[in-house]
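Architecture and fold: a report
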Amino acid sequence: MGDVFKEQIIKRKPSVRDIALRALIVVVTVIIVIVALIMLASIGVLIAFAIGFGAYYLMSFFNVEYEYIFTNGDLDIDVIYSKSRRKRLFSGNVKSFDIMCHLEDKMRIGEFSGAQAMLDYSSGTPSENTYAFLALHNGKRTKIIIEPNEKMLKAFSGVMSRQKLFVK
């Protein structure tokens, strides 16, 4: 039997909160830059440059993608900011998941009631490909939401038992 390797990238859609925060950053930056240039003359240019760079840096955190990497039963989830910075968010073996089912599966929603935390690593908009699984993460039973494609689900089903994986 050969190695199984699948990867998938999901782009996070901006929420209303993200759009409002972006607008707030722009407005505050413009106000501070104008005040710095008017009030502080020569040093105001340096302050304006620093504030502009800081705003640019903050804005990069709103361009988010999640990468799912499935390798021989292990699932790793990374976040990628502005297609340049990466951070590992989750790593675990699919066999250790308590349950995995479609997010809107009414018959199994009660099984997630014992979750101590919830993490959303999906696009942010529930769809027919939005699934949730229950796993131990940082010492807590955590409900984790993802959007695996058909190939990824097929790879999961090759590892998880039928009592734990419920594909729509």
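The rules we used
Residues numbered from 1 in each chain as written. Predicted model: local features only at pLDDT ≥ 70, side-chain atom pairs only at ≥ 80, totals over all residues. Heavy atoms only, no water. Buried < 20%, exposed > 50% of the residue type's maximum accessible area, 1.4 Å probe, protein only. Helix = DSSP H or I, 4+ residues; strand = E, 2+ residues; numbered from the N terminus. Pairing = 2+ DSSP bridges. Contact = heavy atoms within 4.5 Å. Core = buried A, V, L, I, M, F, W, Y, C linked by side-chain atoms within 4.5 Å. pLDDT = per-residue confidence, 0-100. Arc of directions from axis to C-beta. Polar contact = N/O pair within 3.5 Å; in protein donor to acceptor, adjacent residues only side chain to side chain. Expected span 1.5 Å × (residues − 1). Axes fitted to C-alpha atoms, helices over the stretch in contact; angles between N-to-C directions.

Details of the pairing of strand β7 (residues 131-137)
Each regular strand carries side chains that alternate between the two faces of the sheet. With respect to burial, β7 is a largely interior element, 6 of its 7 residues being buried. Of the strand pairs in this sheet, strand β5 (residues 99-102) and β7 are connected by 4 bridges, and their pairing is antiparallel. Counterpart to Met-100 in the pairing with β7 is Phe-133. Hairpin geometry of β7 and strand β8 (residues 140-146) is characterised by an intervening segment of 2 residues between the two adjacent antiparallel strands and by a positive phi of about 55° at Asn-138.

A short note on the environment of Phe-97
Here Phe-97 shows up in the loop between β4 (85-93) and β5. Note on Phe-97: relative accessible area 0%, which makes it buried. In sequence terms Phe-97 and Asp-78 are 19 residues apart; their C-alpha atoms lie 18 Å from each other. Ignoring any residue separated from it by four or fewer positions in sequence, one finds Phe-97 in contact with Leu-75, Phe-90, Phe-133, Leu-134, Ala-135, Met-160 and Lys-164.

Examining the nonpolar core
In this structure, Phe-133, Ile-146 and Phe-156 are the most contacted members of the largest nonpolar core, which totals 23 residues. Counting 6 residues, the second largest nonpolar core, distinct from the first, contains Ile-99, Phe-112, Ala-132 and Leu-134.

Comments concerning the confidence of the model for the protein
With 97% of its residues at a pLDDT of 70 or more, the protein shows a mean pLDDT of 89. Looking across the protein, the model is least confident in strand β9 (residues 165-166), with a mean pLDDT of 73, and most confident in strand β2 (residues 64-71), with 96.

Let's talk about helix α3 (residues 150-157)
Three or four residues apart is the spacing at which side chains of an α-helix point the same way, because the helix has 3.6 residues per turn. Listed as buried for α3 are Met-152, Leu-153, Ala-155 and Phe-156. Across the axial projection of α3, the buried residues extend over an arc of 160°, all falling on one side. Exposed positions of α3 whose direction lies more than 90 degrees from the buried face are Glu-150, Lys-151 and Lys-154. Sitting at the amino-terminal end of α3 is Asn-149, which places a side-chain oxygen 3.3 Å from the backbone nitrogen of Lys-151.

Considerations on helix α1 (residues 16-39)
The first and last C-alpha atoms of α1 sit 34 Å apart over 24 residues, in line with the 34 Å expected at 1.5 Å per residue. Buried residues along α1 sit against α2 (41-60). Positive backbone phi, at 45°, marks Ala-41, one or two positions downstream of α1.

Some details on the side chain of Asp-76
Position of Asp-76 relative to the elements: it lies in strand β3 (residues 74-81). The class for Asp-76 is buried, based on a relative accessible area of 14%. A polar contact of 2.5 Å, which involves the side chain of Asp-76, links it to the side chain of Ser-91. In this view, Asp-76 contacts Glu-67, Tyr-68, Ile-69, Arg-88, Phe-90, Ser-91 and Gly-92; residues no more than four positions away in its chain are not counted.

What to know about unusual backbone geometry
Most peptide bonds adopt trans geometry, and most residues besides glycine take a negative phi value. Of note in this structure, Asn-72 is not a glycine but carries a positive phi near 50°. By secondary structure assignment, the location of Asn-72 is in the loop between β2 and β3. Overall, the relative accessible area of 41% leaves Asn-72 in the partly exposed class. Unusually for a residue other than glycine, Asn-138 sits at a positive phi of about 55°. Relative to the helices and strands, Asn-138 resides in the loop between β7 and β8.

Thoughts on the sheet that holds β2
As a general point, the strands of a sheet are linked pairwise by backbone hydrogen bonds and lie either parallel or antiparallel. Strand order across the open sheet formed by 4 strands is β1-β2-β3-β4, with antiparallel pairing between neighbours. Looking along the sheet, the strands with just one partner apiece sit at the ends: β1 (5-11) and β4. Sheet twist, expressed as the average angle between the axes of neighbouring strands with direction ignored, equals 15°. Examined bridge by bridge, β3 and β4 share 8 bridges and lie antiparallel to one another.

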